[in-house]
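Observations on the three-dimensional arrangement
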Amino acid sequence: MTDTSVDISIKQALQGEIAFDTNVTIKGWVRNRRDSKAGFSFIIMHDGSCFDGIQVIADANLDNYAGEIKHLTTGCSAIINGKLVKSGGKGQSCEIQAYSVEVTGMVEDPETYPVQPKRHTMEFLRSVAHLRPRTNTFSAMTRVRNTLAQAVHRFFHGNGFNWISTPIITASDCEGAGDMFRVTQLDLANVPMTDKGEVDYSKDFFGKETYLTVSGQLNVESQALALSKVYTFGPTFRAENSNTTRHLAEFWMIEPEVAFHDLNDSADLAEDFLKYVFNAVLEENADDMQFFDNFVKKGVIDQLKSFQTDSFARVDYTDAIDILLASGKKFEYKVEWGAELQTEHERFLAEEHYNKPTVIMNYPKTIKPFYMHCNDDDKTVACMDVLVPGIGELIGGSQREARLDVLIERMKEHDLDLEEYQWYLDLRRYGTVPHAGFGLGFERLVSYVTGINNIRDVIAFPRTPGNAKF
RNA sequence: UCCCCAAUAGCUCAGCUGGUAGAGCAAGUGACUGUUAAUCACUGGGUCGGCGGUUCAAGUCCGUCUUGGGGAGCCA
């Protein structure tokens, strides 16, 4: 019987790709077992290929029925060989009538197996991150995350972009941004010192201080000024002591950069990009998304669908300030031109005023980094934040300052060491062009799409302050 | 990092003003059933997050640390 058997995924069976009466083999993990004293057991098997499991009918006359099959519990692994048949019960179209159930791994102590067939809290599952992919929520999240990652590459590839791998180890704190993770080979118990009593980094692996990257932007700009359309998609690190539902110390970031683009082009690109990847998930993960819509966040499917036709709200920072002032809302932080928008302000704009992804453009230059293009008003820079309901900032981007003299002036204002940035300034010396790009936090995207509100639950093994387990 | 809250069985929780612990689910056994988060009965299972303190007595009160949650800051 097994000679003619076909190895299939559960997805193939449930999607009707396999004809009834075919002799098939599936391999996976037991989700649940129910016994019938009429002489057989129902075993629900999952293999991660799709949201649902397949029901296996194991008859009592199988050799190992009493010895093994009757003792199968949630989490056991098995190889099932049998005939794919039309289901004799309600709730599923097909099932497998087993010829053999080969148990590959029992669960050592069923009582302490953490993943029970019941609702668990996300906090508990995070503490067993090595086993949580066996749950509905995490297997669905993983498939959606995969679809998004594939769609990211497909979108850019289809639009003529080159994927650039920017360095993960970097020698300079590019944006003068926050804390970075140090990379060193020095013996921390015996650090070499200079005559001045400072750490002698010339003795270190790279001969200077090095860190994990916080952004590939400056590097990828140089690629854009030759290949025109480029993007990065890779790991990024921030040593900020942020304890929120939307920050990770290690996350994946997508950073497109396009020559001859201005800010509006960049906002258009961001919009097209989101439409594309949202649509990919709607098409490829309908069952997973239905689960999220039912049990994680009501309305999450409609949220993605409505964005296909209804695009970004776009508003200038200056106008956003007026909207906030005119709203009559009492805010904890004062609304005034020149100040950062606080979370409460962003939430009001994206969740109450517009209730859809909202782009705020052209912020005061005093609160933004040195590399952003100075607008003609000499007060604002050409930048944008894309805010989405429930997440906050999903995308941050800007048109870059392409004029050498203006850029140098801005760097001096920010107290940067010009020597360190000569290569970056060269890009303005040799054939400079206007260009623009943005950064998008991949996990925030997964969070928005799935409705899973804690960013620690949209990556397999989250890295956060005080937690690098697994 | 700041403010607030929480930590009790494998999981989710209850435990009033201090007197050494309970339920549901899970697990084990049995009954029953083409079942489907099955149902019913019985059984086993806890150094009440760590350390220190107050008290005759601490799950309960106080201090501190750790972890987690909600919010804020920083940002993607």
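Residues numbered from 1 in each chain as written. Chains lettered and ligands numbered in written order. Predicted model: local features only at pLDDT ≥ 70, side-chain atom pairs only at ≥ 80, totals over all residues. Heavy atoms only, no water.

Some remarks on the protein's contact with RNA strand B
Taken together, 53 residues lie around RNA strand B, and Lys90, Glu95, Arg126, Thr244 and Arg444 are the ones closest in. When atoms of RNA strand B within 4 Å of the protein are split into backbone and base, the sugar-phosphate part holds 48%. Between RNA strand B and Asn241, the relevant distance is 2.4 Å, taken from a phosphate oxygen to a side-chain nitrogen or oxygen of the residue. With respect to RNA strand B, the side chain of Thr343 contributes an N or O atom lying 2.5 Å from a phosphate oxygen. Of all the secondary structure elements, the ones that give two or more residues to the surface near RNA strand B are strand E2 (23-36), strand E3 (40-46), strand E4 (54-59), helix H2 (122-127), strand E12 (250-259) and strand E16 (392-399). (Near = heavy atom within 4 Å. Polar contact = N/O pair within 3.5 Å; in protein donor to acceptor, adjacent residues only side chain to side chain. Helix = DSSP H or I, 4+ residues; strand = E, 2+ residues; numbered from the N terminus.)

Topic: the packing of aromatic side chains
On inspection of all chains with the given rule, the structure shows 25 aromatic pairs. Where Phe156 meets Phe161, the ring centres are 4.8 Å apart and the plane angle is 55°; that geometry is what we call tilted. As far as burial versus exposure is concerned, Phe156 and Phe161 are alike and both buried. With centroids separated by 5.8 Å and ring planes inclined at 80°, the aromatic side chains of Tyr317 and Trp337 adopt a geometry described as edge-to-face. In this pair, Tyr317 is assigned in helix H8 (residues 317-326) and Trp337 in the loop between H8 and helix H9 (343-353), connecting sequence segments 20 residues apart. Given the relative accessible area of 35%, Trp337 is considered partly exposed. Among the aromatic residues, ring-to-ring pairing joins Phe155, Phe156, Phe161, Tyr231, Phe273 and Tyr276 into one connected group. For the cation-ring pair, Arg428 lies above Tyr424, with the distance from its terminal atom to the ring centre recorded as 4.2 Å. (Phe/Tyr/Trp six-rings, centres within 6.5 Å; stacked < 30°, edge-to-face > 60°. Buried < 20%, exposed > 50% of the residue type's maximum accessible area, 1.4 Å probe, protein only. Lys NZ or Arg CZ within 6 Å of the ring centre and 35° of its normal.)

Here we look at the side chain of Gln55
One can find Gln55 in strand E4. There is a polar contact of 3.1 Å between the side chain of Gln55 and the side chain of Glu95. Not counting the four nearest positions on each side in its chain, Gln55 is found in contact with Arg34, Phe42, Ile43, Ile44, Gln92, Glu95 and Ile96. (Contact = heavy atoms within 4.5 Å.)

Topic: the packing of helix H6 (residues 286-296) against helix H7 (residues 300-309)
Taken N-terminus to C-terminus, the directions of H6 and H7 make an angle of 120°; their axes are 7 Å apart at the nearest point. Classified by the angle between their axes, H6 and H7 sit oblique to one another. Residues Met289, Gln290, Phe292 and Asp293 of H6 touch H7, and the partners they reach there are Val300, Ile301, Asp302 and Leu304. Residues belonging to the contact of H6 with H7 are distributed by class as follows: five nonpolar, one polar and two charged. (Axes fitted to C-alpha atoms, helices over the stretch in contact; angles between N-to-C directions. Parallel < 35°, antiparallel > 145°, perpendicular 65-115°, else oblique. Nonpolar A, V, L, I, M, F, W, Y, C, P; charged D, E, K, R; others polar.)

Some thoughts on the pairing of strand E6 (residues 94-105)
Walk down a regular strand and you will see the side chains alternate between the two sheet faces. As defined by bridge partners, E4 adjoins E6 across three bridges and the pair is classed as parallel. What sits directly across from Gln55, in E6, is Glu95. In the sheet, strand E5 (residues 77-86) pairs with E6 via 10 bridges, with the strands oriented antiparallel. In the strand pairing of E6, Lys86 is matched with Cys94. (Pairing = 2+ DSSP bridges.)

Regarding the environment of Gln290
Locating Gln290 in the fold gives a position in helix H6. A sequence separation of 129 residues divides Gln290 from Glu419, and the C-alpha atoms of the two residues are 54 Å apart.

Some details on the pattern of salt bridges
Under the counting rule described, the total for this entry stands at 23 salt bridges. Of the charged contacts, one joins Arg429 and Asp426 as a salt bridge, the two residues approaching to 2.9 Å between their closest N and O atoms. Placement of the pair is Arg429 and Asp426 together in helix H11 (residues 422-429), with a separation of three residues, close to one helical turn. Shared partners join several salt bridges into a network, and the residues in it are Asp268, Glu271, Lys275 and Arg314. (Salt bridge = Lys/Arg side-chain N within 4 Å of Asp/Glu carboxyl O.)

Some details on the confidence of the model for chain A
With 98% of its residues at a pLDDT of 70 or more, chain A shows a mean pLDDT of 91. Reported confidence for the predicted complex is 0.87 by ipTM and 0.94 by pTM. (pLDDT = per-residue confidence, 0-100.)

Examining H11
Those residues of H11 lying buried are Tyr424, Leu425, Leu427 and Arg428. Across the axial projection of H11, the buried residues extend over an arc of 140°, all falling on one side. Residues of H11 that are buried sit in contact with helix H4 (217-227), helix H10 (404-413) and strand E17 (435-441). (Arc of directions from axis to C-beta.)

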